[in-house]
Amino acid sequence: MSETQVLKPLKTWSHLAARRRKPSEYEIVSANLHYNDKRPDSPYELSPSMFMNEWYKKNTFGTALKHPDWNAFRDPEEVVYRTYNMMQDGQETYVFGLFDQFNQREHDHALDPRWAGTLARFYTPSRYLFHTIQMASAYVGQVSPASTITNCHYFQMADSFRWLSHTAYRTKELSQVFADKGFGTDERTYWETDPVWQGFRELMEKALTVWDWGEAIVVLNLVAKPAIDEAVLRKLGESARHNGDTLLGLLTDAQLLDAARHRRWMSAFVKMALETPGNLELIQGWIAKWAPLADKAIEAYCASLPDVAGGAESAKVATRDFRRSLGL
Amino acid sequence: MAVLNRMDWYDLARTTNWTPKYVTEDELFPPKLSGDFGLPQNAWEKYDEPYKQTYPEYVKVQRDKDAGAYSVKAALERSRIFENADPGWKSVMKAHYGAIARGEYAAASAEARMMRFSKAPGMRNMSTLGCLDEIRHGQMQLYFPHEHVSKDRQMDWAFKAYDTNEWGMIAARHFFDDIMMTRDAISVSIMLTFSFETGFTNMQFLGLAADAAEAGDHTFANLISSIQTDESRHAQIGGPALKVLIENGQKAEAQKRVDIAVWGAWKLFSVLTGPIMDYYTPLEHRKQSFKEFMEEWIVAQFERALTDMGLDLPWYWDIFLKDIAETHHGMHMGSYFWRPTVWWNPAAGVSPDERAWLEEKYPGWNDTWGQCWDVIIDNVVDGNMAMAYPETLPYVCNMCQLPILGTPGKKWNVKDYPLEYNGRLYHFGSEVDRWCFEQEPERYAGHLSIVDRFLAGMIQPMDLGGALAYMNLAPGECGDDAHNYAWAEVYRALRATKKAV
Amino acid sequence: MALFPITSNFEGDFVLQLVAVDTENTMDEVAAAAAHHSVGRRVRARPGQILRVRRQGAEDFFPRTMKLGEAGLKPTETVEIIWEAPKH
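In what follows, the accompanying structure is described. (Residues numbered from 1 in each chain as written. Chains lettered and ligands numbered in written order. Predicted model: local features only at pLDDT ≥ 70, side-chain atom pairs only at ≥ 80, totals over all residues. Heavy atoms only, no water.)

This part covers the pattern of salt bridges. Across all of its chains, the model carries 83 salt bridges over all chains by this definition. Ionic pairing is found between A:Glu230 and A:Arg234, a salt bridge with its closest N-O pair at 2.8 Å. With A:Glu230 and A:Arg234 both in helix 10 (residues 213-241) and 4 residues apart, the pair spans about one turn of that helix. Taking relative accessible area as the criterion, A:Arg234 reaches 34% and is therefore assigned partly exposed. A single network of salt bridges, built from pairs that share partners, joins B:Lys65, B:Asp66, B:Asp133, B:Arg136, B:Asp230 and B:Arg233. (Salt bridge = Lys/Arg side-chain N within 4 Å of Asp/Glu carboxyl O. Helix = DSSP H or I, 4+ residues; strand = E, 2+ residues; numbered from the N terminus. Buried < 20%, exposed > 50% of the residue type's maximum accessible area, 1.4 Å probe, protein only.)

Written as structure tokens, this is what we have:
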């Protein structure tokens, strides 16, 4: 062995050392972390044919959405765990400051009871919808072929839990002022039976059973999330402002900051995916297959949302504008 | 009151089960991913997590914890603790980071499995936070060792280990992949959080933190005790799931998963933590022996956790109680003798003082492992180094992937536990390893151990050089004696004295 | 003649080891091949004693001159290599 070259210490991990650039903290702790892509016949160190190995071979590595190196993906904002908490603790301090301040001013007492009824129907059932994004993000994250893509989804999963938590909090507060509107008790019934929600429910139930990673990341982030962001955050926020509900308007604005961040990394992802010939048509095909369900969901939700004339149309246009901005 | 209390709205945030309409319940929660226990969604709605935390609480508390751990690191960065540390302690850090860091990151996806596929809404939310925790543990345990990569090439393995076919990493992956990466949501909660995290990580993180503090490595001590505060929260995900299973007549299935996971965890600890505590940690910094740690953390505490839950002790508990005084001595001898095949430098830990400590903690050590060490020591003292290295492979177990070993010397009890299954002869290190395999042979039967791969011609050339290349170990990375055999001087002197007399 | 792997469980040693032998080897040769990886490395030589081979768990040793190929062992099957003091 004495004739062989002895390896010397490097300035960073060997997998990052070939490049000239000094790696950021983000790259040091986020890049190339999955190890299930090393043995094509057996992602995990067990029988190659066991159920979960077959699942990953088919759904992660067998997807039609191809790129020679998904591990080259970088979150444009380089979010790591500790910066995520700093950022979101700051955001939560803001949101809970709003809750505190509006509660002190008896904001809910000033709301029109009819608007409270609208909230019971259009707002508080959203915790079910946000939970579906939480679940779908958890799935896409666990089957993503690169840790940098996975992490974006896990933070998005956490953000969805954040939105759900805001809804639960407000549901409780509203129930204390409007005892007869079914706050805290009727959300499931609305979610399961009210026509307003059935479009989103159908979209998300079906999106949650897309197992192919390529199709799932497209359906979740280019079709379902934009539809939800535009209808259930932006349009509902507009409706709120027209009905004296300043708090809800500010809250959805705060949540839309998360949604904008999700779109920034998804935009980077699409740009990367389009480097591979054939992916454009593939992604367009998936969008064409799923957009009608999303459009139907937006229409069902926005059609009777008060005081947002043309809401469905402009929400649908906004989803298309987002996709068009990515060359799709 | 202007702000609600947590419990005013907590339950609403975990009231998120609904009845699917556009797909079936089995499509939304495929039994092989959710846990095929035949329990409908509403049975799981009784799931009640004992540790309750909301999103805003989480981000605040975790932000503060990070501030603490990272500021200790920053404050001590120039302290040259690493440079001045005993080589045995450096080996502790290398072994720990390599085997643990990216495994913790992988656990984020095991938590995400529970999040997506559990039918218990409370579990889904707690796993959301657990997933974030594991990202934290992966990222911190990469960021902290990265500081040292420019000083020591073996530190590269804090990242690289999981990408290799190094034998210990095959074993680590086999275990973690079995209990957390390839199981359904409920099994993950039982095997990863209840069995492994409640049972064992306390020991790795608190036990090692105690040794680290003794050794003056406050950055490491602080890091791993900070991690343990997260573990002790998300380790509680599995308990309520066990309760639901037991209440619904599924105790036997639950017990089986606990038994498999605890045994695998034990074997991994016997090779990773046992040598660290009883051989690598400098004698003066050892708080307790590995056996004493095991007795305090696993035997006393985990036994209670099991019985509190209404579970039985694993059927093999007698074997386990005997093995905690034995197995890790063999694992240490194996990783020392085959030291070029590990990414750290094993400390022999067998100076006369250390042997006296071992004999005190493990009566009979000198008549057993000591007998083998006598031969090794003679070879080192005589400069007969060719005989202080191996020329073949140890036979490894087809379950735990670790060498099949036992007690040598006067109490020689080494034994193979073979099994023929579908025409192939498998070998196991114990009755329990073989039992684990037999519970679900289709999970394991198609896997090739490193010895199977060698015999199949997948390792070329068929010698040590070929094996090292297969394990991605190159000179500069391969392990050697941590202290460059300095400890042998005492024996040389003793021998000289004897001759003089 | 064919290469034949066996698993050596050597008396006094701590671990099973893979040993490559040949179907034409006698049991004495098998024992010597196994000893190469144990004796002088972790097990002290026992001058005057010989090494015998038996199936794991068996009472009787294989005859010293028996060829490995005649023993009915499966590839990688474990054999015990046991010290035997000379009979006086």
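Turning next to the interface of chain B and chain A. Every contact between the two is made by 90 residues of chain B and, on the other side, 89 residues of chain A. Across the interface of chain B and chain A, roughly 8,200 Å² is buried in total on both sides, 65% from carbon and sulfur atoms. Of all residues in chain B, B:Trp18, B:Tyr22 and B:Tyr55 bury the most surface against chain A, accounting for 10% of the area lost on that side. Taken together, chain B and chain A are joined by 5 salt bridges. In this structure, B:Arg63 and A:Asp89 form a salt bridge, with 3.0 Å as the shortest nitrogen-oxygen distance. There are 51 residue pairs in polar contact (both at pLDDT 80 or more) connecting chain B and chain A. Ranked by the residues each element gives to the side of chain B that touches chain A, the list is headed by helix 8 (residues 121-146) of chain B, at 14 residues. For the side of chain B that touches chain A, the class distribution of residues is 45 nonpolar, 17 polar and 28 charged. (Contact = heavy atoms within 4.5 Å. Buried area = accessible area lost by both parts, 1.4 Å probe. Polar contact = N/O pair within 3.5 Å; in protein donor to acceptor, adjacent residues only side chain to side chain. Nonpolar A, V, L, I, M, F, W, Y, C, P; charged D, E, K, R; others polar.)

What follows covers the arrangement of the chains. Contacts are most numerous between chains A and B, considering all 2 pairs of chains that are in contact. Between chain A and chain C there is no contact, and the shortest C-alpha to C-alpha distance separating them is 20 Å.

For the rest of this paragraph, the subject is the environment of B:Val299. All names here are of chain B. Locating Val-299 in the fold gives a position in helix 15 (residues 290-308). Overall, Val-299 belongs to the buried group, its relative accessible area being 14%. For the pair Val-299 and Gln-53, spaced 246 residues apart in sequence, the C-alpha to C-alpha distance is 29 Å. Aside from chain neighbours lying at most four places away, what touches Val-299 is Met-294, Trp-317, Phe-320, Leu-321 and Ile-324.

Right, let's talk about the nonpolar core for a bit. By size, the foremost hydrophobic cluster in this structure holds 297 residues, and its most contacted members are A:Phe200, A:Leu222, A:Phe269, A:Tyr301, B:Phe320, B:Trp373 and B:Trp487. Looking at which element gives the most residues to this core, the answer is helix 7 (residues 87-117) of chain B, with 17 residues. Here A:Phe269 is in contact with A:Leu65, A:Trp70, A:Phe73, A:Ile149, A:Trp213 and A:Ile217, once residues within four sequence places are set aside. Counting residues in each nonpolar core, the second largest holds 21 residues, with C:Met27, C:Ala35, C:Ala71 and C:Val79 among its members. (Core = buried A, V, L, I, M, F, W, Y, C linked by side-chain atoms within 4.5 Å.)

Tallying each qualifying case throughout the model produces 54 aromatic pairs over all chains. Ring centres of A:Trp211 and B:Phe117 lie 5.8 Å apart, and the angle between their planes is 35 degrees; this geometry places the pair in the tilted category. Of this pair, A:Trp211 sits in the loop between helix 9 (195-207) and helix 10 while B:Phe117 sits in helix 7, placing the two residues on different chains. The burial state of A:Trp211 is the same as that of B:Phe117; both residues are buried. Linked through ring pairs, A:Phe122, A:Tyr128, A:Trp191, A:Trp197, A:Phe200, A:Tyr301 and B:Trp18 together constitute an aromatic cluster. Its end group placed over the ring of B:Phe144, B:Lys73 keeps NZ or CZ at 5.6 Å from the ring centre. Over the face of the ring belonging to B:Tyr336 we find B:Arg339, whose NZ or CZ atom lies 4.5 Å from the ring centre. (Phe/Tyr/Trp six-rings, centres within 6.5 Å; stacked < 30°, edge-to-face > 60°. Lys NZ or Arg CZ within 6 Å of the ring centre and 35° of its normal.)

Taken by themselves, the reported measurements are silent on function.
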